[in-house]
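An overview of the molecular structure
So the chains spell out like this:
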2 protein chains.
Amino acid sequence: MNREEVFNFAAGPSVLPQRVLERAAGEMLNYRGSGMSVMEMSHRSAAFQEIFDTAKASFRELLQIPDSHEILLLQGGATLQFAAIPMNLLAGGTADYAVTGRFSGIAAREAEKYGTVHIAADTSDTGHDRIPAQEELSFSDGAKYFYYCANNTIYGTEWQYVPDAACPLVCDMSSDILTRPVDFANYALVYAGAQKNMAPAGLTVVIVRKDLAGKALAYTPDILRYDTMIRTDSMLNTPPCWCIYLFSLVLDWVREQGGVEAMDERKRERAKLLYDVLDDSRLFRPHARREDRSFMNVTFSTADKVLDAAFVSGAAERGLLNVKGHKSTGGIRASLYNAMPVAGAAKLAAYMREFEKEHV
Amino acid sequence: MNREEVFNFAAGPSVLPQRVLERAAGEMLNYRGSGMSVMEMSHRSAAFQEIFDTAKASFRELLQIPDSHEILLLQGGATLQFAAIPMNLLAGGTADYAVTGRFSGIAAREAEKYGTVHIAADTSDTGHDRIPAQEELSFSDGAKYFYYCANNTIYGTEWQYVPDAACPLVCDMSSDILTRPVDFANYALVYAGAQKNMAPAGLTVVIVRKDLAGKALAYTPDILRYDTMIRTDSMLNTPPCWCIYLFSLVLDWVREQGGVEAMDERKRERAKLLYDVLDDSRLFRPHARREDRSFMNVTFSTADKVLDAAFVSGAAERGLLNVKGHKSTGGIRASLYNAMPVAGAAKLAAYMREFEKEHV
C-alpha cells in the first residue's frame, strides 16, 4: 500500500506527521553535518544536548508550563508511572483515584502497594461509558493527591472539566496531551506516554511540581525518584535519544500548525465529522454518553458483531486502517490524534454513511 | 562533515552499521508496503509482532540462548535493572557484588535497598585498572547471586574469564554483548543496555532463567517483575518499538557478518591495532593492566593533560570523533563496538603513531 492511500486510526502507537517523518528520514544518516545519525550520538554530546534542551523549551512554551514544574523525559511508559507516582507522592498516605477505564483501574491497584487508595469514583457499573460529574466524586480527608485519567482510550470518554479537589491533581494525559491548553497550576503532576500525540513509543513525559519531589519511599529505585531525575535533568542514565529527537520534531510541527490552540480546534473538527454521523445514525451506536465523549477516540458499534467485522474489513480495503475496537469492548474505534488529517476523519465519515446506506 | 569522513568512537550511544541505517531510512515512511512507519504501528499489529518475534528468535539463535532462559525486551536502561535485579532475585537475602568500575559500584549501592550486599571484590584501590583474579573473589555463604559487570566502559577493563561461584551469576554485559559467544548455563541473568552493540538507546535486553522469576518483593512495580514480563512476553505495556525494529536489523547484520564468532575475531583485530601502538609507545600510557584490558574500550593518556586535549582535537580534525576520556578519568578513550569498521581502528592507530612522532 502507498502511504498516500492510507489513514491510520491506530490507538497508539499511532500516526506521526508526514513532515516529521520526512525530516527524520532526510537527516537519518547524517544529522545536520555531524557525520552521524542522532541514534549514534553520545547523549552527553553538544549536538544531542541541543536537541534535548530545544525539546524541553518548546514543550514548556507550547503548553505554558510554569517554572514551578519540571519537565522530565523518561522511559517505562505510563505503567511505570503507575508505581513511580505513589512511590514519590503517596509515601504511605492516602490518595483518591477516579476509575473511569482500564488504565486508571490498573493505576489504582498498583498504588495500593505504596499506601492507601480511596476510590473517588468508579464508572465500571455502566461499562465506563461516562465521566463522573464533580458532585459524584467522593474525596477522602487529607488525601495526598486526586488521580484521574483525562481520556479513556478504550472507552472513548474524556474529562471535559478539571476536577475540583482539596488536594493537588495527578493526571494521566497519555492520549490527549498537546491537544488543548492545560493550566498546570492545578496539577501536582501530569504525565503522558508519548506514543499517541508526541513521539514514537519509548518516551514518557512527566511534568511534576518541583516542591513535591524529595519525599519518596526509601526503597524507591533511584531512577524512579523525581528528585533524582530533576537533579540530573533526566540524564541519570542514557535517555531514549531517538524518541526525544522525534519529540522535538513533532513539537516544531505543532508550533508550525498554530500551537495547542490550533490542535484544539482541529480535534473538534475531526471528531465532529464522526459524531455527526453517529448522532444521525440508525445503525451505529456510540459507546460513550454524549456529554463525556472523547475528541481522541470515537467508539461505536452496530448491534451485530458480524456487521462490525464487515465494517472494519471494508474500512481496511479503503485504506482506513486500524478501526477495530479494543478486544475488551469489541466494536469499532477510530483514534484521531493530532497527526490525523481532517481528510482522514472525513473519509471515514463518508464510509460510515455509505456503510449505513447499504446495511439499514 | 560527510558520514564517509567520520569514525565515531563514542562510548555509547555509538556507531550503528551503515547498512542498518540505510535499511531503516529506506523503509522509514512505508515499512514493506504497510503504508506506515514502524514508529506508527500498533504494538499489537501483526506486522510489529513479526518484527518482535524475529528479533527475539535471531538473538536467541546468535547467542545460543537455551530454552531455560527467557529474553525480555524492556525499557529503563541498566540503571533500572540495578534495582529490578535485587527486587526480583535478592528478596531480602544476600548477594555478592564485584565492584570493578563505576556502574558495578552503583549497582551494589542500589541493591542495598533490597537486601544485604557483600562486596566480593573492589578494585578502586588501583583506580579500577584491573579485574580481580578468581582467587581474589570473596564469597558469602548462601548468596543468592554473584554480580559483576563484564566490561568496564570508563576504565577499559574486561573480564577475560567467567567467575566460578557457588551461586548463579548475574552479569551486566551492556558493552560487550554480541561480541563473543556466552554460555548461558552459567547465568541466572544477563542484561544489557542496547545502545552500544545492539540498537539505539531506549531498549534493555534481559535474559533471565525462568525458574528464578516469581519471587519478587511485594512492593516491586508490576512492570519490573520478571514473572509478569515473561507472562506478557515483554508487552505488559507498549514496548520501545523503534528500538526493537533497529535491534532486529542489527541482528540481521551480525548474522550476515558471520555471527558472534566473526564479531569476536573482528574485535580482537580492532583492539590489537591500538594496543600494539600502546605497547610500543613512549608517549601513551594505557590505563588498564595488560591481562585485563578491554576489547571494547581502549583507555590511555599521555602524562600531560594539554597533550591529551591536543590529541583529542587533532583526532576530531581527522574525523576520528569522540575519543575524549570519561570526565571521571580524563585522558583518551576509543570505543570499538561491533559496528566500528577495522579501518576506523587502523586510522586511529596511524594517527597515534603520527602524534607520538611529533611529540616525543
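Use the structure listed above.
We now turn to the structure provided with this report. (Residues numbered from 1 in each chain as written. Chains lettered and ligands numbered in written order. Predicted model: local features only at pLDDT ≥ 70, side-chain atom pairs only at ≥ 80, totals over all residues. Heavy atoms only, no water.)

With that settled, consider the interface of chain A and chain B. By convention, interface size is frequently given as the accessible area that disappears when the constituent parts associate. Taken together, the 59 residues of chain A in the interface contact 60 residues of chain B. Carbon and sulfur atoms make up 61% of the area that chain A and chain B hide from each other, which totals about 4500 Å². Among the residues of chain A in contact with chain B, Leu29, Met39 and Glu40 of chain A are the three that bury the most area, contributing 14% of the side total. At the junction of chain A with chain B, the criterion picks out four salt bridges. The partner of Arg3 of chain B in a salt bridge is Glu40 of chain A, and the shortest N-O contact between them spans 2.7 Å. (Contact = heavy atoms within 4.5 Å. Buried area = accessible area lost by both parts, 1.4 Å probe. Salt bridge = Lys/Arg side-chain N within 4 Å of Asp/Glu carboxyl O.)

This part is about the sheet that holds strand E9 (residues 187-193) of chain B. All names here are of chain B. The strand order across the open sheet built from seven strands is E2-E10-E9-E8-E5-E3-E4, with neighbouring strands paired in mixed fashion. Looking along the sheet, the strands with just one partner apiece sit at the ends: strand E2 (69-74) and strand E4 (116-122). Direction aside, neighbouring strands of the sheet carry axes that sit 15° apart on average. Relative to strand E10 (residues 204-209), E9 runs antiparallel, the two being bridged by five bridges. Following the sheet pairing, Leu189 is matched in E10 by Val208. Relative to the sheet, helix H4 (residues 102-111) contacts strand E3 (94-99), E4 and strand E5 (146-149), its axis offset from that of E3 by approximately 160°. (Pairing = 2+ DSSP bridges. Helix = DSSP H or I, 4+ residues; strand = E, 2+ residues; numbered from the N terminus. Axes fitted to C-alpha atoms, helices over the stretch in contact; angles between N-to-C directions.)

Looking now at the pattern of salt bridges. On inspection of all chains with the given rule, the structure shows 45 salt bridges over all chains. The closest approach of N and O atoms between Arg209 of chain B and Asp211 of chain B, which form a salt bridge, is 2.8 Å. A relative accessible area of 23% places Arg209 of chain B in the partly exposed class. For Asp211 of chain B, a relative accessible area of 47% gives the class partly exposed. In this structure, a network of salt bridges that share partners links the residues Lys56, Arg60, Glu70 and Asp233 of chain A. (Buried < 20%, exposed > 50% of the residue type's maximum accessible area, 1.4 Å probe, protein only.)

Residues and elements named next belong to chain B. The strand order across the open sheet formed by three strands is E11-E12-E14, and the pairing between neighbours is antiparallel. Only two strands of the sheet have a single partner each, and these edge strands are strand E11 (285-286) and strand E14 (332-335). In this sheet, E14 lies alongside strand E12 (residues 297-301) in antiparallel orientation, the contact comprising four bridges. For Phe300, the partnering residue across the bridge sits in E14 and is Ile332. Contacts from helix H7 (residues 259-280) reach E11, E12 and E14, with the element oriented near 25° to E12.

So, on to the packing of aromatic side chains. Here the structure, examined in full by the defined rule, presents 42 aromatic pairs over all chains. For the ring pair Phe48 of chain A and Phe52 of chain A, a centre distance of 6.3 Å and an interplane angle of 55° mean the geometry is tilted. Here Phe48 of chain A pairs with Phe52 of chain A, and both are found in helix H2 (residues 46-63), just four residues apart, close to one helical turn. Taking the relative accessible area as the measure of exposure, Phe48 of chain A reaches 0% and is therefore buried. We classify Phe52 of chain A as buried; its relative accessible area is 0%. Considering the side-chain rings of Phe300 of chain A and Phe311 of chain A, the 6.0 Å spacing of their centres and the 80° angle between planes classify their relative orientation as edge-to-face. On the criterion of sequence distance, the pair formed by Phe300 of chain A in strand E12 (residues 297-301) and Phe311 of chain A in helix H8 (residues 305-317) is long-range, its members being 11 residues apart. A residue is classified by how much of its surface remains accessible, and Phe311 of chain A, at 0% relative accessible area, is buried. Each member of the aromatic cluster is reached from another via a ring pair, and the members are Tyr31, Trp242 and Tyr245 of chain A together with Tyr31, Trp242 and Tyr245 of chain B. (Phe/Tyr/Trp six-rings, centres within 6.5 Å; stacked < 30°, edge-to-face > 60°.)

Glancing now at the nonpolar core. Formed by 133 residues in total, the largest nonpolar core has its most connected members in Phe59 and Trp242 of chain A together with Phe59 and Trp242 of chain B. Those residues in contact with Phe59 of chain A that sit more than four places away from it in its chain are Ile65, Ile71, Ile177, Leu178, Met198, Val205, Ile207, Phe247 and Leu251 of chain A. (Core = buried A, V, L, I, M, F, W, Y, C linked by side-chain atoms within 4.5 Å.)

Residues and elements named next belong to chain B. Among the five residues that make up E12, four are buried, leaving the element largely enclosed by the rest of the structure. Alignment of E11 against E12, held across two bridges, turns out to be antiparallel. Paired with Arg285 across the strands is Ser301, a residue of E12.

Let's shift gears to the relation of the copies chain A and chain B. Between chain A and chain B, which share one sequence, the superposing operator has a rotation angle of 180° and an axial displacement of 0.0 Å; the RMSD is 0.0 Å. Seen this way, the second copy is the image of the first under a two-fold rotation axis. The overlap is high: 100% of the interface residues of chain A also sit at the interface in chain B, so the same surface is used on both sides. (Least-squares fit on C-alpha atoms with pLDDT ≥ 70 in both.)

A separate point is unusual backbone geometry. Note that the residue after Gly12 of chain A, namely Pro13 of chain A, is joined by a cis bond; omega there is -5°. With respect to the helices, strands and loops of the structure, Pro13 of chain A is situated in the loop between strand E1 (7-8) and helix H1 (18-26). Positive phi is not limited to glycine here, since Ala91 of chain A has a value of about 45°. The phi dihedral of Asp233 of chain B falls on the positive side, at around 50°, and the residue is not glycine. Positionally, Asp233 of chain B belongs in the loop between helix H5 (226-231) and helix H6 (241-257).

In short, geometric facts, not functional conclusions.
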